[in-house]
Every structure is written in structure tokens, then in C-alpha cells.
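Coordinates in review
What follows is each chain in one-letter form.
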Amino acid sequence: FRANTFVMSLVILFCLANFFMSPMMMALPIITTDVLHGTALDMSILEFCFAFGAIFVSFVFGSIKVDFSIKKVLPIVFLGSGVLLLLIAKSISFYLMTVCLFILGNGVGVVNAVVMGKMQEIVPDYLNGRVFSLVMMTSMAMIPIALILTGILSDLYGIMTVILINGIAMGLIGVISYLL
């Protein structure tokens, strides 16, 4: 039962992190045009930095044997993501945003690798398919909900305020993950 509680805690944290990170998909085009007054190329560079960050870390983790303590990594990554989102929310610098997005992408890759690796260790083989399906379904279900709320809140308060709120939420998720 203790392992099941831990797995459920991981699933909930993973879903919450997805909920507060997924609005970046919607935010980058708005930030590019409304805040940075940039071009389509600028937007593609921002999106590239985020994606490349995740791919880069996944490649590194896949190439070497890394055994991180999930109780140390998740709070650091979630708190760091919160700080990076706060920097993005307060920035008008294209270059600062590219660096922040690359590091955010690194965080996504780290969380995916560490959470999925830990779950593979503690979930019995005969349950892996069901558990990983549940994780993917619940985390993917967060995305459309987060995008709708982001659209509504962005119309009311502006996209940078929404990112600021998401940054604070990611910091709180980091604190919660530390306490688990």
C-alpha cells in the first residue's frame, strides 16, 4: 500500500506539473507577438529552445547511467521551473526567454526520466501497462483544461500574468514534492 500511495503521489504531481506547464504551448505565440513584437522565426526559435532542452536531457540520460533521488530531483526541478516561469513572466528579453525555455525543457526531460524510471522500479511488471496508461491519460487530460483556462485568464489579465501565476504554482508544487 505504501508503494501505491507513493505512485499516486507521483501521478498527481506529474499531472499538476503538466497542468501548469502546458499553457506555454499557447503562451509562446502570444508572447512572441504581443510582448516581444517578434516574427514567426522568433517564435520558432523559442519553441525550438524548449523542445531541444527536453531532447538534450533525454539524450544525456539515455546515454549514461544516472540514478537520481526522486525526493531531491523533483523539488529542485519544480522550484526551478517556477523561478524560470517567473523570469519569463517579468522579461521582455528574447535572449533571456530562449535560455529560460531551454532550461525549462531540460526540467521536463529530467522529470519525465526520473518519474518514469522510479515508477518502473516500484510498479510490478504485470501492472506497468495499466499504470503508465493512467499516468499518460490523466496528464494528457490536464492539457485541454489548462489551455482553456489559460485562454480565459489571458483575455482577462494578460498572458504574462497567467505565466506568473503558473510560476508561483510550480514553486508550490516544488514545496509539496519536497514534503512528500
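Here the structure is shown first, and the text comes after it.
First, a word on scope: everything that follows refers to the structure included in this document. (Residues numbered from 1 in each chain as written. Predicted model: local features only at pLDDT ≥ 70, side-chain atom pairs only at ≥ 80, totals over all residues. Heavy atoms only, no water.)

Thoughts on the overall build of the protein
Defined as follows: Labels follow the DSSP assignment, with helices taken as runs of H or I lasting at least four residues and strands as runs of E lasting at least two, numbered in each case from the N terminus. Only C-alpha atoms enter the radius of gyration; for comparison, a globular chain is expected to reach 2.2 Å times N to the power 0.38, where N is the number of residues. With a 1.4 Å probe rolled over the protein chains alone, any residue whose accessible area is under 20% of its type maximum counts as buried; one over 50% counts as exposed, and the rest are partly exposed. Throughout, a residue-residue contact means that at least one pair of heavy atoms, one from each residue, lies within 4.5 Å. Exposure was quantified through the Shrake-Rupley algorithm and a 1.4 Å probe, taking into account, for residues, occlusion by the shown protein chains and nothing else. Neither His nor the chain ends is counted toward charge; the positive residues are Lys and Arg and the negative residues Asp and Glu. To locate a charge, the coordinates of NZ of Lys, CZ of Arg, CG of Asp or CD of Glu are taken.
Helix and strand content of the protein: seven helices and zero strands. Listing every helix and strand of the protein by position from the N terminus yields α-α-α-α-α-α-α. For the protein, the C-alpha radius of gyration of 17 Å lies close to 16 Å, the compact-globule estimate for 180 residues. Across the 180 residues that make up the protein, the buried fraction comes to 43%. Considering only residue pairs separated by 6 or more positions, the protein has 81% of its internal contacts joining residues 24 or more positions apart. Within the structure as shown, the protein displays about 9,800 Å² of accessible surface, and the carbon and sulfur contribution to it stands at 74%. On the protein, the mean spot of the 7 positive side-chain charges and the mean spot of the 7 negative ones are 18 Å from each other.

Structural notes on the environment of Phe14
Inspection of the secondary structure puts Phe14 in helix α1 (residues 2–21). Overall, the relative accessible area of 6% leaves Phe14 in the buried class. For the pair Phe14 and Thr138, spaced 124 residues apart in sequence, the C-alpha separation works out to 9.1 Å. Ignoring anything within four residues of it in the chain, the contact list for Phe14 reads Val111, Asn112, Val115, Met116, Val135 and Ser139.

So, the environment of Glu47
Mapped onto the fold, Glu47 is located in helix α3 (residues 40–63). Residues Glu47 and Phe102 lie 55 residues apart in sequence; the distance between their C-alpha atoms is 9.0 Å.

Thoughts on the nonpolar core
Short version of the rule: By nonpolar core is meant a set of buried Ala, Val, Leu, Ile, Met, Phe, Trp, Tyr and Cys residues that side-chain atoms within 4.5 Å join together.
Of all hydrophobic cores here, the largest spans 49 residues; its most connected members are Ile31, Ile88, Met119 and Ile163. Only α1, α2 (23–35), α3, α4 (70–90), α5 (94–122), α6 (128–157) and α7 (159–179) provide two or more residues apiece to this core.

What about the packing of aromatic side chains?
Put simply, the test is: Here the aromatic set is Phe, Tyr and Trp, taking the six-membered ring for Trp, and pairing holds for ring centres within 6.5 Å; pairs whose planes are under 30 degrees apart are stacked, those over 60 apart are edge-to-face, and all others are tilted.
Using the criterion set out here, one finds six aromatic pairs in the structure. Relative to Phe56, the ring of Phe52 lies with its centre 6.1 Å away and its plane at 35°, an arrangement referred to as tilted. Here Phe56 and Phe52 lie together in helix α3, a separation of four residues that amounts to about one turn. With a relative accessible area of 36%, Phe52 lands in the partly exposed category. Their ring planes at 80° and their centres at 5.5 Å tell us that Phe94 and Tyr95 sit as a pair that is edge-to-face.

Topic: α6
As a reminder of what qualifies: Helix span, expected: 1.5 Å multiplied by one less than the number of residues in the helix.
Taking 1.5 Å per residue, 30 residues should reach 44 Å; α6 reaches 42 Å between its end C-alpha atoms and fits that length. Within α6, burial applies to Asn128, Val131, Phe132, Val135, Thr138, Ser139, Ile143, Ala146, Thr150, Gly151 and Ser154. Phi turns positive, to about 100°, at Gly158, one or two residues after α6.

Observations regarding α2
Along α2, the residues that are buried comprise Pro23, Met24, Ala27, Leu28, Ile31 and Thr32. In the stretch just after α2, His37 is the one whose phi turns positive, near 50°.

Side note on the side chain of Thr98
Within the secondary structure, Thr98 is located in helix α5. Relative accessible area serves as the criterion here: at 12%, Thr98 is assigned to the buried category. Filtering out sequence-adjacent residues up to four positions away, Thr98 remains in contact with Ile45, Leu46 and Cys49.

A short note on the side chain of Ser91
Structurally, the position occupied by Ser91 is in the loop between α4 and α5. Under the relative-accessibility criterion, Ser91 is labelled buried at 7%. With near-sequence residues (within four places) excluded, Ser91 lies in contact with Val35, Leu96, Met97 and Met160.

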